[in-house]
Amino acid sequence: MTNVVSVKHRRSPWELERIGERRRAVQLADARSLEIERAPATLLAIGSQLAHGSVGLNAAERVFFSRGVRAIRIPTILLSVMPHYAAVHDVQVPAAWLADALRDLAAAGALAGLEWLTTGYFATPGQPAAVAEWLRDEPARTRPALIVDPTLGDVELGFYTDPRLAAEIRAELLPLATGIVPNVFELAHLSGSPRAALRSRAAIEAAARTLMGPQTEWVVVTGVSLPSLRNEPGHHPDICEVLVTRSWSSVHRQQQRNTTAKGLGDTFTAALATALIERHDVDEAVEYAAAEVRRMLTPPSRPPRD
């Protein structure tokens, strides 16, 4: 069935052409009436988007959908596939478009119920500053809490974005962040600590606290390898999330898994934000997010054959 605009809103083809080169649709006073889904969004997620792949906003959307979280997604880059394939094409979103999109969403009333903002992959310098400028301009009473997942790279593959973004994220976004979710590679580059020095809980905590701005309540460092608590021969180190606040910390241990899959950090951050929206405290939210990553890595069970 085709939705038809009422007669009083119709315009001739000539009138549509005169609206301007960039507009090819009828402008309505109540454009919101055209939306199928009108429930307010509680979360805004900014990051990479792929036609095919399980990283970035693609990974986050699965989490949001499974928990019924209404989220708005803004891409910083559009890719055909992950950039590690032999053939890949992308469209990088200009920082000016990012700033305009945020203003458009606000003008449309789409951000009125926003509680959390998560940032992930940035493709070009200028994008983090555009997001930070919008956030600083928001009134304190309506400003969403910010979670920064730096998404600079990892220890296996190194940088997978412009290394200059580390300094811009630190200068522009970290001072506004309620929470920060770096992996060990990102923690090293944001804190200036040598990665080789980040091998103990104490070193991780000290480096994490250097990232805290005036609004930061916690940092969750993911993918930390710490000695296993099981004093048995042959045990691999545990893979841990280290939650660091200004006055205390906790370690959330996971059994090490042999996987090369990417998108685990994107899944973790999305699940963390989802748990916080559901009013879990941050310690519980970390446990939930880690469980969501484990669930994603667990192959679905097949029913027994007759």
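Our subject is the structure that appears above.
If you're wondering where the values come from, they're calculated on a predicted model, not measured in any experiment.

What counts as what
Residues numbered from 1 in each chain as written. Predicted model: local features only at pLDDT ≥ 70, side-chain atom pairs only at ≥ 80, totals over all residues. Heavy atoms only, no water. Helix = DSSP H or I, 4+ residues; strand = E, 2+ residues; numbered from the N terminus. Buried < 20%, exposed > 50% of the residue type's maximum accessible area, 1.4 Å probe, protein only. Contact = heavy atoms within 4.5 Å. Salt bridge = Lys/Arg side-chain N within 4 Å of Asp/Glu carboxyl O. Axes fitted to C-alpha atoms, helices over the stretch in contact; angles between N-to-C directions. Parallel < 35°, antiparallel > 145°, perpendicular 65-115°, else oblique. Left-handed = near helix turned anticlockwise from the far one by under 90°. Pairing = 2+ DSSP bridges. Core = buried A, V, L, I, M, F, W, Y, C linked by side-chain atoms within 4.5 Å. Expected span 1.5 Å × (residues − 1). Arc of directions from axis to C-beta. Polar contact = N/O pair within 3.5 Å; in protein donor to acceptor, adjacent residues only side chain to side chain. Lys, Arg positive; Asp, Glu negative; His and termini not counted.

Engineer: Help me understand the environment of Val221 in this model?
Structural biologist: Residue placement: Val221 occurs in strand β9 (residues 218-226). Among the residues examined, Val221 registers a relative accessible area of 0% and is labelled buried. For the pair Val221 and Ile180, spaced 41 residues apart in the sequence, the C-alpha separation amounts to 8.2 Å. For Val221, the residues in contact, after removing those within four places along its chain, are Pro182, Asn183, Val184, Leu187, Ile204, Ala208, Cys240, Glu241 and Val242.

Engineer: I keep staring at the pattern of salt bridges and nothing clicks. Help me out?
Structural biologist: When their charged atoms lie close together, side chains carrying opposite charge are able to pair. Per the counting criterion, the structure on display carries 10 salt bridges. Arg295 is paired through a salt bridge with Glu292; the nearest N and O atoms lie 2.6 Å apart. Within this pair, Arg295 and its partner Glu292 are both found in helix α9 (residues 282-297), separated by 3 residues, close to a single helical turn. The exposure class assigned to Glu292 is buried, which follows from its relative accessible area of 8%. Among the charged side chains, a salt-bridge network with shared partners connects Arg201, Glu205 and Arg209.

Engineer: Before we go on, may I ask you to explain the packing of helix α3 (residues 95-107) against helix α4 (residues 127-137) in this structure?
Structural biologist: To characterise two packed helices, one gives the angle between the axes of the helices and the distance between these axes. For the pair α3 and α4, the least separation of the axes is 8 Å and the interaxial angle reads 25°. As far as their axial angle goes, α4 and α3 are roughly parallel. By crossing handedness, the relation of α3 to α4 is classed as right-handed. For the pair α3 and α4, the contacting residues are Ala95, Leu98, Ala99 and Leu102 in the first and Gln127, Ala130, Val131 and Trp134 in the second.

Engineer: Honestly, the sheet that holds β9 in this entry has me stumped. Any pointers?
Structural biologist: Strand pairing in a sheet relies on backbone hydrogen bonds, with the paired strands running either antiparallel or parallel. An order of β3-β2-β1-β4-β5-β8-β9-β10-β11 is seen for the 9 strands of this open sheet, with the pairing classed as mixed. What marks the edges here is a single partner per strand, and that holds for β3 (90-92) and β11 (249-254). One ladder, built from 2 bridges, connects strand β5 (residues 145-148) with strand β8 (residues 179-180); its direction is parallel. Pairing of Ile147 across the sheet is with Gly179, part of β8.

Engineer: Is there a simple way to explain the environment of Ala129 in this structure?
Structural biologist: With respect to the secondary-structure elements, Ala129 resides in helix α4. A residue is classified by how much of its surface remains accessible, and Ala129, at 22% relative accessible area, is partly exposed. Sequence-distant contacts of Ala129, defined by excluding residues within four places in its chain, comprise Glu168 and Glu172.

Engineer: I tried to follow the packing of α4 against helix α5 (residues 165-173) on my own but got confused; where do I start?
Structural biologist: Where α4 meets α5, the closest approach of the two axes is 9 Å, and the angle between their N-to-C directions is 5°. The angle between α4 and α5 places the two elements in the roughly parallel class. Mapping the contact onto sequence places Gln127, Pro128, Ala129, Val131, Ala132 and Arg136 in α4 and Leu165, Glu168, Ile169, Glu172 and Leu173 in α5.

Engineer: In this structure, what is going on with the nonpolar core? I would like to understand it.
Structural biologist: The tendency in soluble globular proteins is for nonpolar side chains to be buried as a group. Ranked by size, the top nonpolar core spans 43 residues in total, and within it Leu44, Leu117, Trp134, Leu146, Leu187, Val221 and Val224 carry the most contacts. Discounting residues that sit within four places of it in the chain, Leu146 has contacts with Trp116, Leu117, Thr119, Leu135, Leu173, Leu176, Ala177, Thr178 and Gly179.

Engineer: Teacher, can you tell me more about helix α2 (residues 56-67) here?
Structural biologist: The α-helix winds at 3.6 residues per turn, so residues separated by three or four positions along the chain end up facing the same way. Along its 12 residues, α2 runs 18 Å from first to last C-alpha, staying within 8% of the 16 Å computed at 1.5 Å per residue. Taken together, the buried positions of α2 are Gly56, Leu57, Asn58, Ala59, Ala60, Val63 and Phe64. Where α2 is buried, its residues touch β1 (43-50), β2 (71-79), α8 (264-277) and α9. Looking one or two residues past α2, Gly68 carries a phi angle of roughly 70°, positive in sign.

Engineer: Is there a simple way to think about unusual backbone geometry in this case?
Structural biologist: The phi torsion of most residues other than glycine is negative, and most of the peptide bonds are trans. In this structure, Thr151 is a non-glycine residue whose phi angle is positive, near 50°. Secondary-structure assignment places Thr151 in the loop between β5 and β6 (153-154). Using a relative accessible area of 9% as the deciding quantity, one classes Thr151 as buried.

Engineer: Quick question: what am I supposed to make of α9 here?
Structural biologist: Between its first and last C-alpha atoms α9 spans 23 Å; for 16 residues at 1.5 Å apiece the expected length is 22 Å, and the two agree. Val282, Ala285, Val286, Ala289, Ala290, Glu292 and Val293 are the residues of α9 that are buried. For α9, the buried positions fall inside an angular range of 155° around the axis, keeping them on one side. Tucked inside the fold, the buried residues of α9 contact α2, β9, β10 (238-244), β11 and α8. Two to three positions downstream of the cap, the backbone nitrogen of Asp283 sits 3.1 Å from a side-chain oxygen, assigning the N-cap of α9 to Asp281.

Engineer: Is there a simple way to explain the side chain of Asp266 in this structure?
Structural biologist: As for its position among the elements, Asp266 is in helix α8. For the buried Asp266, which has no salt bridge, the nearest side chain bearing the opposite charge is Arg62, at an N-O separation of 9.2 Å. Ignoring anything within four residues of it in the chain, the contact list for Asp266 reads Val55, Gly56, Ala59 and Asp149.

Take it as geometry only, folks, not as evidence of what the structure does.
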